Amino acid sequence: MNAKRVLVAYGSKAGATAGIAEEIGRTLRDDGFDAVVLPADTVTDVSGYDGVVLGGALYAGHWTGKARRCARRNAEQLRHRPLWLFSSGPVDSSAEQHDIPPVRGVARRMKNLGAREHMTFGGAVTAETSGSIARAMVRRGKGGDFRNPERIRAWAHHIGTELGATH
Ligand SMILES: Cc1cc2nc3c(=O)[nH]c(=O)nc-3n(C[C@H](O)[C@H](O)[C@H](O)COP(=O)(O)O)c2cc1C
């Protein structure tokens, strides 16, 4: 039996969301899937996948343009396959303490595309993050890496269970 193919696509500016996507991809591969991790701006065709996970970094209450455009560009095909969305955002422990619902635009997208679930993961702003706001956050001690690999892996296992590893 062939392993199911899963695409994990991410829209990331500074790399934190890419790291979450890689962790999801690794976990799905460990669970027996043929999982591919790609930057959202390179995704033009999802017809070859049995399931898709699409994530975006949050900036000023919106997914990055790369994730938004990926969702728009592939909308027709995304509607016809199992789809999960995630956001990487809060630079604090709030995502650990309670489920954070999707921002408005992502909630709308979820509905339009028939996504099964959405998850908000803690994000990261570190000394390596570019931009003046990020630099100011780090300088004031408001930065940090709040990605939790265990939570990310648990969600990926859950997706794997929902999809079923083989055809
Ligand atoms: C200028 C700026 C604006 C941000 N706005 C939000 C926001 O509105 N909501 C949120 O949850 N996180 C916000 N964040 C945190 C980022 O979403 C977080 O750092 C994310 O993990 C970045 O992902 P990336 O490294 O893949 O770009 C912001 C960070 C910066 C630097």
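Computed from a prediction, not measured in an experiment: that's the story for all the values here.

What counts and what doesn't
- Residues numbered from 1 in each chain as written.
- Predicted model: local features only at pLDDT ≥ 70, side-chain atom pairs only at ≥ 80, totals over all residues.
- Heavy atoms only, no water.
- Near = heavy atom within 4 Å.
- Polar contact = N/O pair within 3.5 Å; in protein donor to acceptor, adjacent residues only side chain to side chain.
- Helix = DSSP H or I, 4+ residues; strand = E, 2+ residues; numbered from the N terminus.
- Nonpolar A, V, L, I, M, F, W, Y, C, P; charged D, E, K, R; others polar.
- UniProt positions renumbered as here; feature names shortened; annotations may be inferred.
- 1 Å grid on protein atoms, 1.4 Å probe; cavity = no way out; pocket = protein on both sides within 12 Å on 5 of 7 lines; lining within 4 Å.
- Points joined across faces, edges and corners; volume = space filled by probe spheres on them.
- Buried < 20%, exposed > 50% of the residue type's maximum accessible area, 1.4 Å probe, protein only.
- Arc of directions from axis to C-beta.
- Contact = heavy atoms within 4.5 Å.

1. Quick notes on the site of the ligand
Here is step 1: Every one of the 20 residues lining the ligand counts as a neighbour, but Ser 12, Thr 17, Leu 58, Tyr 59 and Gly 61 are closest to it.
Here is step 2: Note that an oxygen atom of the ligand is positioned 3.1 Å from one of the backbone N or O atoms of Gly 15.
Here is step 3: Between Ala 16 and the ligand, the recorded distance is 2.8 Å, taken from a backbone N or O atom to an oxygen atom.
Here is step 4: Those elements that provide at least two residues to the shell around the ligand are helix 1 (16-30), strand 3 (51-59), strand 7 (124-125) and helix 6 (132-139).
Here is step 5: Counting residues per element, the shell around the ligand draws most heavily on strand 3, which supplies three residues.
Here is step 6: Among the residues making up the shell around the ligand, the classes are represented as twelve nonpolar, seven polar and one charged.

2. Observations concerning the UniProt feature "domain: Flavodoxin-like" (unreviewed entry) in the chain
Here is step 1: As recorded in UniProt, the sites labelled "domain: Flavodoxin-like" (unreviewed entry) are residues 6-160.
Here is step 2: The span residues 6-160 carries 40% helix and 25% strand; its end-to-end C-alpha distance comes to 9 Å.

3. Things to note about the layout of surface pockets
Here is step 1: Quantified by volume, the largest pocket comes out at close to 440 Å³.
Here is step 2: Every residue lining the largest pocket is counted, 25 residues in all, and those nearest its centre are Leu 58, Tyr 59, Val 125, Thr 129 and Ala 134.
Here is step 3: Contributions of two or more residues to the lining of the largest pocket are made by helix 1, strand 3, strand 7 and helix 6.
Here is step 4: Considered class by class, the residues forming the lining of the largest pocket number 13 nonpolar, eleven polar and one charged.

4. Looking at unusual backbone geometry
Here is step 1: Of note in this structure, Ala 60 is not a glycine but carries a positive phi near 50 degrees.
Here is step 2: Mapped onto the elements of the fold, Ala 60 is located in the loop between strand 3 and strand 4 (62-63).
Here is step 3: Classification of Ala 60 as exposed rests on a relative accessible area of 79%.

5. A short note on helix 5 (residues 104-113)
Here is step 1: Here helix 5 has its buried residues at Gly 105, Val 106, Arg 109, Met 110 and Leu 113. Each buried residue of helix 5 lies within a common arc of 140 degrees when the element is viewed along its axis, so the set occupies one face. In helix 5, the exposed residues that point more than 90 degrees away from the buried face are Arg 104, Arg 108 and Lys 111.
Here is step 2: Those residues of helix 5 that are buried lie in contact with strand 4, helix 2 (65-73), helix 3 (75-78), strand 5 (83-88) and strand 6 (117-121).
Here is step 3: The first or second residue beyond helix 5 is Gly 114, which carries a positive phi of 70 degrees.

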